[in-house]
Amino acid sequence: MTDRICAASGCMKAIHARGFCGPHYNRWKRSRDVQAEPLLNLSGDIEERFWARVDKTDSGCWLWASSSRAGGYGDFHFAGVRYRAHVWAYERFVGPVPKGLQLDHLCHTNDSSCAGGVECLHRRCVNPAHLEPVTARENTLRGNSIHAANAVKTHCVKGHPFDAANTHIKSRGNRVCRACQRASMARYRARKKASTDMGDPS
């Protein structure tokens, strides 16, 4: 069975590729040297690496104090794998995020003074107690974006109600007022008729 064990000295893991286990193979790809330094243990030291990058605040938020992605969410790298820090924390300490759902930061939802966006500190929070799996729509509605503000409106800009009879939901999820849509179509037809009448030689 020794031919199925990682070729790195002292490693007893099963072979993944080129004679090495997964972690040693990733190191070999980066440096071509699997013995340059002690290899981190995936079961324990990944948590040490995680906690070394977390700043627990008085507010209860665990702010990610390392690199972040373009959207402002924490970026966590380990053994050649890249994670969203808050997703890793939730899945490590709570469980898998249900398929089709995404994590909403409750600390942001409950902070009415937060302007949101990339600069929002809550995006860096990795406290699993501040995270809740929700649908993409629910996550948007809980925010303070233009989409969220429009979604909670009960009437269109002309004062027509957004009720079941007067609301058309488009494929992208945005609402359209049927009364305004009919009025717009009537104006279009009137302009088209006037243009045709002006061009009528009789």
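If you're wondering where the values come from, they're calculated on a predicted model, not measured in any experiment.

Peer 1: Quick rundown of the overall build of the protein? Include the residues and the values.
Peer 2: Looking only at helices and strands, the protein has 7 helices and 8 strands in total. Within the protein, the fraction of its 202 residues that count as buried is 29%. Taking the intrachain contacts of the protein between residues at least 6 apart in sequence as the baseline, contacts between residues at least 24 apart amount to 40%. In the structure as shown, the protein presents an accessible area of about 13600 Å², 52% of it carried by carbon and sulfur atoms.

Peer 1: Would you mind going over the packing of aromatic side chains in detail, with residue names and values included?
Peer 2: Applying the stated criterion across every chain, the model contains 11 aromatic pairs. Between the aromatic rings of W51 and F93, the centroid separation amounts to 5.7 Å while the plane-to-plane angle is 40 degrees, which identifies the pairing as tilted. Of this pair, W51 sits in helix α2 (residues 45–51) while F93 sits in helix α3 (residues 85–93), placing them 42 residues apart in sequence. Residue classification places F93 among the partly exposed positions, given a relative accessible area of 33%. Here the aromatic cluster, defined as three or more aromatic residues joined through ring pairs, consists of F50, W51, W62, W64, F76, Y83, W88 and F93.

Peer 1: So what's going on with α3? Residues and values would help.
Peer 2: Listed in full, the buried residues belonging to α3 are A85, H86, W88, A89 and Y90. Residues of α3 that are buried sit in contact with α2, β2 (62–64), β3 (75–78), β4 (81–84), β5 (102–105) and β6 (131–134). Just beyond α3, the residue with positive phi is G95, at close to 155 degrees.

Peer 1: Got a sec to walk through a nonpolar patch on the surface? Specific residues and values, please.
Peer 2: The grouping of W51, F93 and V94 at the surface amounts to a nonpolar patch, some 260 Å² of accessible area in total. The class for W51 is partly exposed, based on a relative accessible area of 32%.

Peer 1: Give me the confidence of the model for the protein: which residues, what numbers.
Peer 2: Per-residue confidence for the protein gives a mean pLDDT of 79; residues scoring 70 or more make up 81%. Considering only residues more than four positions removed or in separate chains, one finds that residues 36–43, a stretch of pLDDT under 50, has 14 contacts.

Peer 1: How would you sum up the pattern of salt bridges? Please name residues and give values.
Peer 2: As enumerated under the stated definition, the model contains 3 salt bridges in all. The shortest N-O distance in the salt bridge between R92 and E47 comes to 2.2 Å. Here the residue R92 occupies a position in helix α3, and E47 occupies one in helix α2, the gap between them amounting to 45 residues. Its salt-bridge partner being D75, residue R69 comes within 2.8 Å of it at the nearest N-O pair.

What counts as what
Residues numbered from 1 in each chain as written. Predicted model: local features only at pLDDT ≥ 70, side-chain atom pairs only at ≥ 80, totals over all residues. Heavy atoms only, no water. Helix = DSSP H or I, 4+ residues; strand = E, 2+ residues; numbered from the N terminus. Buried < 20%, exposed > 50% of the residue type's maximum accessible area, 1.4 Å probe, protein only. Contact = heavy atoms within 4.5 Å. Areas by Shrake-Rupley, 256 points an atom, 1.4 Å probe, with all protein chains shown as cover. Phe/Tyr/Trp six-rings, centres within 6.5 Å; stacked < 30°, edge-to-face > 60°. Patch = residues over 30% accessible without salt bridge, like charges linked within 9 Å, V, L, I, M, F, W, Y side chains within 5 Å. Salt bridge = Lys/Arg side-chain N within 4 Å of Asp/Glu carboxyl O. pLDDT = per-residue confidence, 0-100.

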